[in-house]
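Here is how the chains run, residue by residue.
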Amino acid sequence: AQFTIRTVLLAMARTNAWHRADRISAVCLLVLSSVAEGSAGYAPATELFESAGLQSGGAPDRRIVHGVLAPAEAPPPPTNDKPRPVEVGPWGFNIAGMDQKLQPGDNWVDYTSGKWLKKTKISDDQSSWTAFSSLRDLTEFQIRDLLQEGAKANSLTGTLYASYMDEATVEAKGLSPVFPFLEKIKQLATASDFATFCGETEFGFGSCPFGFGVGADAQDPDMNVAQLSQDGLGLPSRDYYLEETFAKQKKAYADYIVLMLGKIGWPEPEAAGAEVLAFEETVAKVSWSVEARRDPEKTYNKMTIADLSVKAPGFDWAAFMEAAGRVAGNVQLVVSEWNETAEDGVIGIAAIIGSTDLTTLRAWSAFHFISGAASYLSKEYVDAAFGFSKALSGQETQKLRWKRGVGNANAFLPDAVGKDYVERYFPVSSKKTMDELTSLLKEAFAARIKNVAWMTNATKEAAQKKLASFTFEIGYPKKFKDYSEMSMDKTDLFGNLEKALAFSARWDLSQLGKQVDKAYWGMPPQTVNAFFEPDRNRCVFLAAILQPPFFYAEGDMAVNFGSIGAVIGHEMTHGFDDKGRLYDAEGKLNDWWTPADTAEFTKRADQYGEQFAKFTSGLPEGMHIRPQLTMGENIADLGGLTIAYEARACRCLNPIGETRRLGRCGR
């Protein structure tokens, strides 16, 4: 996003457009430059190089992302006391981090963020620090207060939190919670036993070479369908195994495998660890790249489980599906990575499993189970798992235990925590301001579609129909999952997590073959994020992001256009990016573009990608952006910035609250 901003805004500044801009325009631009980093698309961003669309020639680098909305001073060391206040200034905008001695046309980044960049240091328990970080920090404290109160009242979420914070009991139990699973792994005697164990632990702490779940059918988005994808790698993607640039990370992973196998007393851990890594390297060679997995059309392959057994031999699919959820052979499922000609993806991985001896498969299962469970065991295992994650993220120290406890509650009881969160911290009045903002950005988006010079009228008409179908949901979902049948024990952390995982699995499997209930969300409202769902044409803005520095219910509208307005525009643009454009007004995977418009869109997107591929400023030495991986975010960032800036011309509120028209959208 910072490169998009630099390109657009430096060009504007150098043509003296900056000097023609009114106060609201200037504020919009400054705020836009601060919040573009981190806006969500189809999934939350991770801090790993691969997921960031970067290729590395060295060790992980902890990053400071510029932004004048961030505090002007360095974040303090982690504390139990209180969050660092979000410094937003008297009218919702903090200029303390700017270097106003510079001309914006000479150096936009330092003009907007120079002082902040010089003073800000990343605390050791973080791998980066951004405007998002300060808000996530605040949210953690908010949730901790709720959980501590819940612990005293013996609520479900409070009891789970208390069991996590009872470190003495966790320490005393050591490895004992996972003994039954490790013993079961040792007894796996046949290929069917391995497939059965994969199915039994698919929704738990174990791992499987395939991912299985339930979700909306892309070509029939009102119905839920079973879904299957490639999986089984312990590193972030296939490239970590195959590219020399990730040799250090792969070596750290190899050491980690041996370390964990040794800690559980696995026979000959060094030799077993080498076999596990070799198995995953072989799997990586037939796995699809992250770029290839972004294609909605190529990753839609519908068949029955019986078909899968015939076309992808080597893995006992019937045993796996029975153990995972008693899924019958005549049930249809959508397979993501499927190519019968190339025999890679799911087909290739199944064949590799079929040719791998059980000794290796048992060691692989044991390693992944202990690795998945390590963070909830005694300190010895927690520290070992963190040691490996440090090699990927660059984070120097673990977060304080209470912060990890908050994350644990969010992960295992997301809707229960979310329901309490919005009742305490989300004012309903915020919806009114958000409704106005989304309406104005939608109007601006429609005007831009109307005025696109290169698009044919047929595609424009279909695009307007799709845009009209967009809905906006704000704050929290219409329904939260009901946990009333679940109980928790303050002295049994691992048992509590097993119950939560089993509940989640039952709930997901209960939706198979049923109509999609759109009243639920796939992300809890206490997450600092927003997302777009192409199969529902729905933009969702979660409660936690709707607070300063991203949103001000009573603040200056110029600030809101520049901050949350950019996020709104970003999510809307996802409906028309290189993936989203393939879904129609009903949310179906259905290419509605004329061939000529598809060709023109692709040409322009490729040119945009070529620009991103050349950017190196601000990146560690040897790294560059992989534009086909980040294309959706690149397009959405530019669209979000543009739409938010133009929407302020539809209507803004001046400092004394008067409504004024600044011109029709799109002019």
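Reference entry: report on the structure contained in this document. None of these values were measured; they are calculated from a predicted model.

### A short note on the pattern of salt bridges
Reasoning step 1: Overall, the coordinates contain 30 salt bridges when judged by the stated rule.
Reasoning step 2: The closest approach of N and O atoms between Glu 646 and Arg 448, which form a salt bridge, is 2.7 Å. One end of the pair, Glu 646, is in helix H26 (residues 627-647); the other, Arg 448, is in helix H20 (residues 430-451), with 198 residues separating them in the sequence.
Reasoning step 3: Across the pair Glu 533 and Arg 538 runs a salt bridge whose closest N-O atoms are separated by 2.6 Å. With respect to burial, Glu 533 and Arg 538 carry one shared label: buried.
Reasoning step 4: Through salt bridges with shared partners, a single network forms among Glu 473, Lys 478, Glu 533, Arg 536 and Arg 538.

### Brief notes about helix H4 (residues 108-119)
Reasoning step 1: Relative to the 16 Å expected for 12 residues at 1.5 Å per residue, H4 spans 18 Å between its end C-alpha atoms, a close match to the ideal helical length.
Reasoning step 2: Every buried residue of H4 is accounted for by Trp 108, Val 109, Tyr 111, Thr 112, Ser 113, Gly 114 and Trp 116.
Reasoning step 3: The opening residue of H4, the one whose side-chain oxygen lies 3.3 Å from the backbone nitrogen of Val 109, is Asn 107.

### Describing helix H18 (residues 401-412)
Reasoning step 1: For H18, with 12 residues, the first-to-last C-alpha span of 16 Å sits near the 16 Å given by 1.5 Å per residue.
Reasoning step 2: What H18 keeps buried is the set Arg 401, Trp 402, Lys 403, Gly 405, Val 406, Asn 408, Ala 409 and Phe 412.

### Side note on a negative patch on the surface
Reasoning step 1: There is a patch of like negative charges on the surface, built from Glu 268, Glu 270, Glu 275 and Asp 357.
Reasoning step 2: For Glu 275, a relative accessible area of 35% corresponds to the partly exposed category.

### As for the nonpolar core
Reasoning step 1: Within the largest apolar cluster, 89 residues are counted, with the highest numbers of intra-cluster contacts made by Phe 210, Phe 212, Leu 228, Phe 315 and Trp 317.
Reasoning step 2: Considering every element that reaches this core, the biggest residue donor is helix H22 (residues 493-510), with 9 residues.
Reasoning step 3: Those residues in contact with Trp 317 that sit more than four places away from it in its chain are Phe 210, Leu 228, Leu 308, Ser 309, Ala 312, Val 346 and Ala 350.

### Some words on the packing of helix H6 (residues 156-165) against H22
Reasoning step 1: Relative to each other, H6 and H22 sit at 140 degrees, their axes nearing to 9 Å. With respect to H22, the axis of H6 lies oblique. For H6 against H22, the interelement crossing comes out left-handed. Residues Thr 159, Leu 160, Ser 163 and Tyr 164 of H6 form the contact with H22, whose own contacting residues are Leu 493, Asn 496 and Leu 497.
Reasoning step 2: Residues that form the contact of H6 with H22 fall into these classes: 4 nonpolar, 3 polar and no charged.

### Considering the packing of helix H12 (residues 269-286) against helix H15 (residues 345-354)
Reasoning step 1: In the contact formed by H12 and H15, the axes pass within 8 Å of each other and the chain directions differ by 155 degrees. When the axes of H12 and H15 are compared, the pair comes out roughly antiparallel. In the packing of H12 onto H15, the handedness of the crossing is right-handed. Contact with H12, carried on its side by Phe 279, Thr 282, Val 283 and Val 286, involves Gly 345, Gly 348, Ile 349, Ile 352 and Ile 353 of H15 and no other residues of that element.
Reasoning step 2: Its residues assigned to classes, the contact of H12 with H15 shows 6 nonpolar, 3 polar and no charged.

About the criteria used
Residues numbered from 1 in each chain as written. Predicted model: local features only at pLDDT ≥ 70, side-chain atom pairs only at ≥ 80, totals over all residues. Heavy atoms only, no water. Salt bridge = Lys/Arg side-chain N within 4 Å of Asp/Glu carboxyl O. Helix = DSSP H or I, 4+ residues; strand = E, 2+ residues; numbered from the N terminus. Buried < 20%, exposed > 50% of the residue type's maximum accessible area, 1.4 Å probe, protein only. Expected span 1.5 Å × (residues − 1). Polar contact = N/O pair within 3.5 Å; in protein donor to acceptor, adjacent residues only side chain to side chain. Patch = residues over 30% accessible without salt bridge, like charges linked within 9 Å, V, L, I, M, F, W, Y side chains within 5 Å. Areas by Shrake-Rupley, 256 points an atom, 1.4 Å probe, with all protein chains shown as cover. Lys, Arg positive; Asp, Glu negative; His and termini not counted. Charge placed at Lys NZ, Arg CZ, Asp CG, Glu CD. Core = buried A, V, L, I, M, F, W, Y, C linked by side-chain atoms within 4.5 Å. Contact = heavy atoms within 4.5 Å. Axes fitted to C-alpha atoms, helices over the stretch in contact; angles between N-to-C directions. Parallel < 35°, antiparallel > 145°, perpendicular 65-115°, else oblique. Left-handed = near helix turned anticlockwise from the far one by under 90°. Nonpolar A, V, L, I, M, F, W, Y, C, P; charged D, E, K, R; others polar.

By themselves, these are just geometric observations and shouldn't be taken as functional.
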